[in-house]
Amino acid sequence: MRNPIILLWLCLAASTFRTSVEYDGLINALTRVFVHKHVQTVTATTCWPTDANSRLLLALSSADISVNFRPSLIPVHTTWYRYGILVDVSCSVQIPTTLFRKASKHRLFNMQNDWILINSRRNESRVLNTSAIALETFEMHLSEAYVLPESNVFLFIDTASGWEIWEGFKVGKMEKIQVNRHGMVTSDGIYFEKNDSISFKSNLRGITLKATTVISEPSKFKGFYPFADTDLDTFAQMHYDLNVILQDQLNFKTDLSIVNSFGWDMGNSSFSGLTGQLQREECDFSGIGAFMRNDRMTVIDYTVGTFYRQAAALFKQPPLSSVRNICILPFKFEVWMVTLFTFIGFTVLIAFLSRMTRRFKKDEEEMLNVSDSVTIVHGAICQQGYTMNLNAGSIRVAIFVLFLTAVFLFTSYSASIVALLQSPSNSIKTINDLVESSMTFSAQDNPYNDVYFGETDDPLLRKLYDKKMKPHGTQKFTLASAGIARIRTEFHGFMIDFVSAYKLISQLWLEEEKCGLSEIQLFKLPMLALAVVKRSGYKDILKQKLIHQQEVGLKNRIIRRWIPAKPMCDSSNRANQFVSVSIKEIYPMLQIYGFGLCISIVILFFEIAYNTYTDRSENLQSNTNLFSIFRFMYNKR
């Protein structure tokens, strides 16, 4: 009895060992693929013998890959590491079907997850047409699944020479499965088709994708063509050029619709405009770049940045004469002090020489007092002469040197003052300077200015908005042409896109008017980026082609075509222009004139009062003397 029982146990053990050994080739192939794709965690859904599962666990753990055998642990969120999912489609139909439905619902067929399908109960080696097997398997299990070009779904087919790896995906949600041979695993190693998979997935085979763009000024929009009339929709034109290139790169057509808003949160987790259409999956991607905002990232995904929409406060710096006294600017403080002491020295020298000449020559005609010396020096400063005829050689030499010195100083002063009269100042450098100045301010009426001024936490921007914009009501946001015209004719600041500003300035302003134009960036706008549906299956291939456009220079070509260069001040042309001096420039001289006039009148009154007092004193003295004479004569009698 014991021998038959022992033989039975040996037969069962041998059959079990033989069954588990049959999986060794598949397990080795799976381990090589997972290691090659840098997978860190694998979820296995199989109906293998326990010993075969143990062998799989041991092989993957030896490669530092964690393994679990519970499909419910597959993360529905995007992981930071690569995740592998092994599914044996030969198991009960319900298990793979439920798993694939969950994956489609949560968009788990993506670049982050590597799916590997196997059929352990089918002898594939007897069938020569492996492509037919792959197509049949994918259509049977994934015909309704969300396996777009971004998915990584592979099928292992057992052949005489090894395991062939086939991949399958759909170019559109309603399209048929496409299969492609991805590589092969043999006992010698793993081999992949060079770039074949990338080119295969990058061909969307002429399908039609829905896109939506934003036109801010629909009344002026006449279609997509060069040299558009509206400035606000320039970026719609630029992104349209990008999309045309994308269509050629990926071989698809676009069904383009138009809305007038990028979309903002309506307070109930739903969005309006373009963002709302992407949230509801009414379109596949945006036909125009939208700002990357935290609130939008919760409902849509972004590909890569396309263009920067730069905006700043443009204004003309006030004239230098309105903020500084240009009469004292030609010389530095130390030069003024040296000049003062020089002329004081000449005054003392001329007075000294005059006194010494009088002592030795005893000539009263050549006597000069201190006031006369001051008058002569002042005349030299103002490039005037003097009426005295001085015969003393020393005094003549001193006066000659005085006037020669004054000529050099006057030449330097006049050369500097001419340039300063027409120079703008640099007094407004920061937002605080802008707020504290007397400048009026407004902003361009575009889709985002109102939102960003309302959302900003910067106290200076809030102060700018409350002090200079809010009091003007509906006029705080205006058209680009109106704002640029106000900059040209008024002391006005205008928040505007560079695209609109540079185009209008280049077309309407004279060359000399471009000098003195300054800009202050109030807030930095996020980069524009093409948006797609949340966890879209087209996100990665769109990113690849947009990056390729940038690398080969296509994006820069679009920028040069649509965005005008910054207007430059032509200094040589400005030098040839005659600019009249206004009242602002000569205001300090008018002040000196007024002060001098008032001082002379005051001195006149003092002189009149002094003369009156002197005359009265003389009259009183005369009357006193006359009274004394009469009194003497009376006493004498």
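An unreviewed UniProt entry annotates the protein as Ionotropic glutamate receptor C-terminal domain-containing protein of Macrosiphum euphorbiae. According to UniProt, the comment filed for the protein under the heading Subcellular location (unreviewed entry) is "Cell membrane". Looking at the protein in UniProt, the text filed under Sequence similarities (unreviewed entry) is "Belongs to the glutamate-gated ion channel (TC 1.A.10.1) family."

Caption draft 1: Representation of the packing of helix H2 (residues 24-36) against helix H3 (residues 50-62). Taken N-terminus to C-terminus, the directions of H2 and H3 make an angle of 30°; their axes are 10 Å apart at the nearest point. Considering the angle they form, H2 stands roughly parallel to H3. Of the two possible hands of crossing, H2 and H3 adopt the one that is right-handed. On the side of H2, the interface is formed by Asp24, Ile27, Leu30, Thr31 and Phe34, while H3 contributes Ala52, Arg55, Leu56, Ala59 and Leu60. Residue classes in the contact of H2 with H3 are distributed as 7 nonpolar, 1 polar and 2 charged.

Caption draft 2: Structural detail: unusual backbone geometry. If you check the backbone angles, Arg107 has positive phi at about 55° while not being a glycine. As for its placement among the helices and strands, Arg107 is situated in the loop between helix H4 (94-105) and strand S4 (113-118).

Caption draft 3: Structural context of the sheet that holds strand S15 (residues 440-444). The strand order across the open sheet built from 5 strands is S16-S15-S17-S14-S18, with neighbouring strands paired in mixed fashion. Each edge of the sheet is formed by a strand with only one pairing partner; in this case those strands are strand S16 (477-478) and strand S18 (517-520). Sheet analysis places S15 next to strand S17 (residues 492-497), joined by 4 bridges and oriented parallel. Bridging from a neighbouring strand, Thr440 pairs with His492 of S17. Helix-sheet contacts for helix H16 (residues 459-469) involve S15 and S16, and the interaxial angle to S15 is about 110°. Along the sheet, helix H17 (residues 480-489) makes contact with strand S14 (311-316), S15, S16, S17 and S18, crossing S17 at roughly 145°.

Rules used throughout
- Residues numbered from 1 in each chain as written.
- Predicted model: local features only at pLDDT ≥ 70, side-chain atom pairs only at ≥ 80, totals over all residues.
- Heavy atoms only, no water.
- UniProt positions renumbered as here; feature names shortened; annotations may be inferred.
- Axes fitted to C-alpha atoms, helices over the stretch in contact; angles between N-to-C directions.
- Helix = DSSP H or I, 4+ residues; strand = E, 2+ residues; numbered from the N terminus.
- Parallel < 35°, antiparallel > 145°, perpendicular 65-115°, else oblique.
- Left-handed = near helix turned anticlockwise from the far one by under 90°.
- Contact = heavy atoms within 4.5 Å.
- Nonpolar A, V, L, I, M, F, W, Y, C, P; charged D, E, K, R; others polar.
- Pairing = 2+ DSSP bridges.

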